[in-house]
Amino acid sequence: MHPRDIPVKPGRIRPGAFGHNRGVVKSNYAIMPPEGVMDSYLPNWEKTTIRFQAAPQLGARFAQALIEIEPGGGTRAPIADALERFLFVMSGAVDLAIEGLPPARLEREGFAYVPPGVRFSLASADGKAAAVNGLKRPYEPADGFGAPEPIVSRRAEVPVVNRNGTEGRGWQHLLPYGDMRFDMEMNILSFAPGTYFPDVETHINEHGLVMLEGQGMYLLGEDWHEVWAGDFIWMGPYCPQLFYPTGWEPSAYLLYKDVNRDVR
Ligand code: UGY
Ligand code: MN
């Protein structure tokens with residue numbers, strides 16, 4: 001249950017209402033629990049609340065947001081700009097129209113990649129509310145490689161690969177892995193209870209992380225933080241990082257990573 005929805009008796013104060021905050025903002029990472037990410041309303045969306053979890057204002061070189069679409073809401077008119085986008089359905093269902101592709105209905109865990117300059121529109125389906133996590137960033141072309149085509153798929157279609165030889169830890173590469181046309185990866189990393197990364201990673205790449213399932217402990221920089229499904233984390237370049245799940249349930253997160261491009 002979302003903390004906002006915890007029933008509060010008259011005269012009582014909602015737990016966490018005063019001062020208790022799991023949110024953290026540092027120069028090279030941030031943790032955004034969902035209850036504190038405030039709402040934006042934008043001209044090109046109707047009946048839609050946008051909650052920006054990361055943006056250039058934070059230090060990130062991309063923007064990521066939870067897009068909450070009310071029944072009958074969505075893009076006011078097709079959107080086309082110079083940005084590439086990745087859309088992942090968190091709840092409900094959406095109708096997505098991407099220029100050049102037949103219209104598609106995306107249910108929970110459906111996803112899409114929209115290349116730069118390609119027009120798209122999005123609406124909640126069946127007269128019900130939907131929530132989509134959306135990431136956008138300027139596309140960085142690579143000499144000798146064209147821009148990628150749009151992709152529409154769903155998590156269940158993407159094979160789980162074991163990249164580390166470690167039992168219980170899986171990777172799903174939602175975008176074609178190693179395809180140099182792409183300047184980003186969107187991966188789902190899953191962890192059975194008791195698994196962990198063997199080393200603390202410190203790398204040039206940024207991350208935008210959406211906790212999809214479970215809970216765990218994240219080392220960011222020098223500090224450990226408890227994270228739960230629904231939390232968002234921004235990790236800047238060279239932020240030391242390590243995760244292990246806690247509890248009895250598997251954990252999984254959706255992870256953006258900028259890749260495949262040289263340093264300029
Ligand atoms: O691919 C990655 O960089 C990944 N192992 N990082 C992470 O999960 N924080
Ligand atoms: Mn990493």
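None of these values were measured; they are calculated from a predicted model.

This next bit is on the domain arrangement of the protein. Parsing the protein into structural domains produces domain 1 (1-36 + 158-264) and domain 2 (37-142). Using only C-alpha atoms to locate each centre, domain 1 and domain 2 end up separated by 20 Å. Across the boundary between the two partners, domain 1 contributes 33 residues, which contact 26 residues of domain 2. A buried area of about 2,400 Å², summed over both sides, lies between domain 1 and domain 2, and 63% of it is on carbon and sulfur atoms. Taken together, the connections running from domain 1 to domain 2 amount to 4 salt bridges. Two residues, Asp258 and Arg61, come together in a salt bridge whose shortest N-O distance is 3.2 Å. Our count for the contact surface shared by domain 1 and domain 2 stands at 10 residue pairs in polar contact (both at pLDDT 80 or more). Elements that contribute at least two residues to the side of domain 1 that touches domain 2 include exactly strand 2 (29-32), strand 13 (184-191), strand 14 (207-213), strand 17 (232-235) and strand 19 (251-258).

Bound to the manganese ion (ligand 2) are the protein donor atoms Glu201 (OE), His203 (NE2), His207 (NE2) and Gln241 (OE1), situated 2.1 to 2.3 Å from the metal. Coordination geometry of the manganese ion (ligand 2): the 6 donor atoms subtend angles of 77 to 176° at the metal centre, consistent with an arrangement described as octahedral. Here the donor residues for the manganese ion (ligand 2) map to a single chain with the spacing E-x1-H-x3-H-x33-Q. Highlighted residues: Glu201 in the loop between strand 13 and strand 14 and Gln241 in strand 18 (residues 241-245), separated in sequence by 40 residues.

Enumeration over the complete set of coordinates arrives at 10 aromatic pairs. For the pair Phe86 and Phe111, a centre-to-centre distance of 5.6 Å together with 25° between the ring planes defines the contact as stacked. Here the residue Phe86 occupies a position in strand 5 (residues 83-91), and Phe111 occupies one in strand 8 (residues 110-114), the gap between them amounting to 25 residues. For the residue pair Phe86 and Phe111, the accessibility class agrees, reading buried in each case. For the ring pair Tyr218 and Phe243, a centre distance of 5.1 Å and an interplane angle of 35° mean the geometry is tilted. Placement of the pair is Tyr218 in strand 15 (residues 215-220) and Phe243 in strand 18, with a sequence separation of 25 residues. In this pair, the class of Tyr218 matches that of Phe243, namely buried. A connected cluster of aromatic rings, assembled from ring pairs, spans Phe191, Phe197, Tyr218, Phe243 and Tyr253.

Gaps left between atoms show up when a probe the size of a water molecule is rolled over them. Across all of its chains, the model carries 1 cavity of 30 Å³ or more by this definition. Empty space within the largest cavity amounts to approximately 40 Å³. Lining the largest cavity are His173, Leu175, Pro176, Tyr177, Gly178, Asp179, Met184, Glu185, Asn187 and Asn260. With 3 residues, strand 13 is the largest single contributor of residues to the lining of the largest cavity. The residue inventory of the lining of the largest cavity, partitioned by class, reads 4 nonpolar, 4 polar and 2 charged.

A few words now on the site of ligand 1. Around ligand 1, the structure places Trp171, Leu189, Phe197, Glu201, His203, His207, Tyr218, Gln241, Tyr253, Leu255 and Lys257. Within the side chain of Lys257, a nitrogen or oxygen atom sits 2.8 Å from an oxygen atom of ligand 1. Its free accessible area being 280 Å², ligand 1 has 96% of it covered by the protein chains. It is strand 19 that contributes the most residues to the shell around ligand 1, 3 residues altogether. Class assignment for the residues of the shell around ligand 1 results in 6 nonpolar, 3 polar and 2 charged.

What counts and what doesn't
- Residues numbered from 1 in each chain as written.
- Chains lettered and ligands numbered in written order.
- Predicted model: local features only at pLDDT ≥ 70, side-chain atom pairs only at ≥ 80, totals over all residues.
- Heavy atoms only, no water.
- Domains from an automatic or database assignment.
- Contact = heavy atoms within 4.5 Å.
- Buried area = accessible area lost by both parts, 1.4 Å probe.
- Salt bridge = Lys/Arg side-chain N within 4 Å of Asp/Glu carboxyl O.
- Polar contact = N/O pair within 3.5 Å; in protein donor to acceptor, adjacent residues only side chain to side chain.
- Helix = DSSP H or I, 4+ residues; strand = E, 2+ residues; numbered from the N terminus.
- Donors = N, O, S within 2.8 Å, 3.2 Å for Na, K, Ca; no water.
- Tetrahedral: all angles 85-135°; square planar, octahedral: opposite > 155°, others 65-115°.
- Phe/Tyr/Trp six-rings, centres within 6.5 Å; stacked < 30°, edge-to-face > 60°.
- Buried < 20%, exposed > 50% of the residue type's maximum accessible area, 1.4 Å probe, protein only.
- 1 Å grid on protein atoms, 1.4 Å probe; cavity = no way out; pocket = protein on both sides within 12 Å on 5 of 7 lines; lining within 4 Å.
- Points joined across faces, edges and corners; volume = space filled by probe spheres on them.
- Nonpolar A, V, L, I, M, F, W, Y, C, P; charged D, E, K, R; others polar.
- Near = heavy atom within 4 Å.
- Areas by Shrake-Rupley, 256 points an atom, 1.4 Å probe, with all protein chains shown as cover.

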